[in-house]
Amino acid sequence: LYTAPSSYEETVDQVDTSLMTLELNLNSSSTRGSIDLLSEQTITVYDSGGPNSPYGSREDFHFTFNAPANHVLVISGDYFTETNYDFLKLYDGTSSTSTQLFNSKDNFTTKNGLNRITGLQTTQKSLHATFTSDYSEVKDGFKLIISAADISQAINAKSRFDALITDHRDFIADTDTDNVTVT
């Protein structure tokens, strides 16, 4: 598990990209950076609470994930954030001025708290992700699974990674019906 640096605009270059599966824990109140993925490489990204704890107040993360040439990024995951106050946003490009793919504000938290992200894919080789939280209530947070897929195989890769999604807070999502069971 690699813990992201807290300094502003620091590029994460200490990650051993020879590994095909990486984990990243955004572990401070403000993290900015980028990660370059290899072909067919996957990274799992958690909020500052990691897989087992809530995120913190006043968080402000901005991270860009880059695939190699002739690749796109396939995104799946789950999240539970404070409705109308804490936001996870995903953009098709290198900044928050790129086309927005996802905004947790538009996908209200379900009664049991689990929300799934499935079927997302960039049209270019970069994904910019932001997460902001206010000063009050915190929730379980998010887990993103991001994979670099060759453009010619992106449709198959998207289905494969959507099927891998399980909630990181002891929930299991049924990928066929989107029902949630507590274990």
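Residues numbered from 1 in each chain as written. Predicted model: local features only at pLDDT ≥ 70, side-chain atom pairs only at ≥ 80, totals over all residues. Heavy atoms only, no water.

## A closer look at the packing of aromatic side chains
For step 1, the next point in the chain: Taken as a whole, this structure holds five aromatic pairs when the rule is applied.
For step 2, the next point in the chain: Judged by centre distance (5.4 Å) and plane angle (75 degrees), the rings of Tyr79 and Phe102 are edge-to-face. Of this pair, Tyr79 sits in strand β6 (residues 71-80) while Phe102 sits in strand β8 (residues 99-103), and the two are 23 residues apart along the sequence. Phe102 shares its class with Tyr79; the two are buried.
For step 3, the next point in the chain: Within the aromatic cluster, the residues linked to one another by ring pairs are Tyr55, Phe61, Phe131 and Phe142.
For step 4, the next point in the chain: In this structure, Lys89 is placed above the aromatic ring of Phe87, and the distance from its NZ or CZ to the ring centre is 5.7 Å. (Phe/Tyr/Trp six-rings, centres within 6.5 Å; stacked < 30°, edge-to-face > 60°. Helix = DSSP H or I, 4+ residues; strand = E, 2+ residues; numbered from the N terminus. Buried < 20%, exposed > 50% of the residue type's maximum accessible area, 1.4 Å probe, protein only. Lys NZ or Arg CZ within 6 Å of the ring centre and 35° of its normal.)

## Quick word on the pattern of salt bridges
For step 1, the next point in the chain: All told, the structure shown has two salt bridges when counted by the stated rule.
For step 2, the next point in the chain: As a salt-bridge pair, Asp60 and Arg32 come within 2.8 Å of each other at their nearest N and O atoms. Of this pair, Asp60 sits in strand β5 (residues 60-66) while Arg32 sits in strand β3 (residues 30-36); the two residues are 28 residues apart in sequence, bridging distant segments of the chain.
For step 3, the next point in the chain: The exposure class assigned to Asp60 is partly exposed, which follows from its relative accessible area of 23%.
For step 4, the next point in the chain: Under the relative-accessibility criterion, Arg32 is labelled buried at 12%.
For step 5, the next point in the chain: Lys139 serves as the salt-bridge partner of Glu137, at 2.4 Å between the closest nitrogen and oxygen.
For step 6, the next point in the chain: The class for Glu137 is partly exposed, based on a relative accessible area of 39%. (Salt bridge = Lys/Arg side-chain N within 4 Å of Asp/Glu carboxyl O.)

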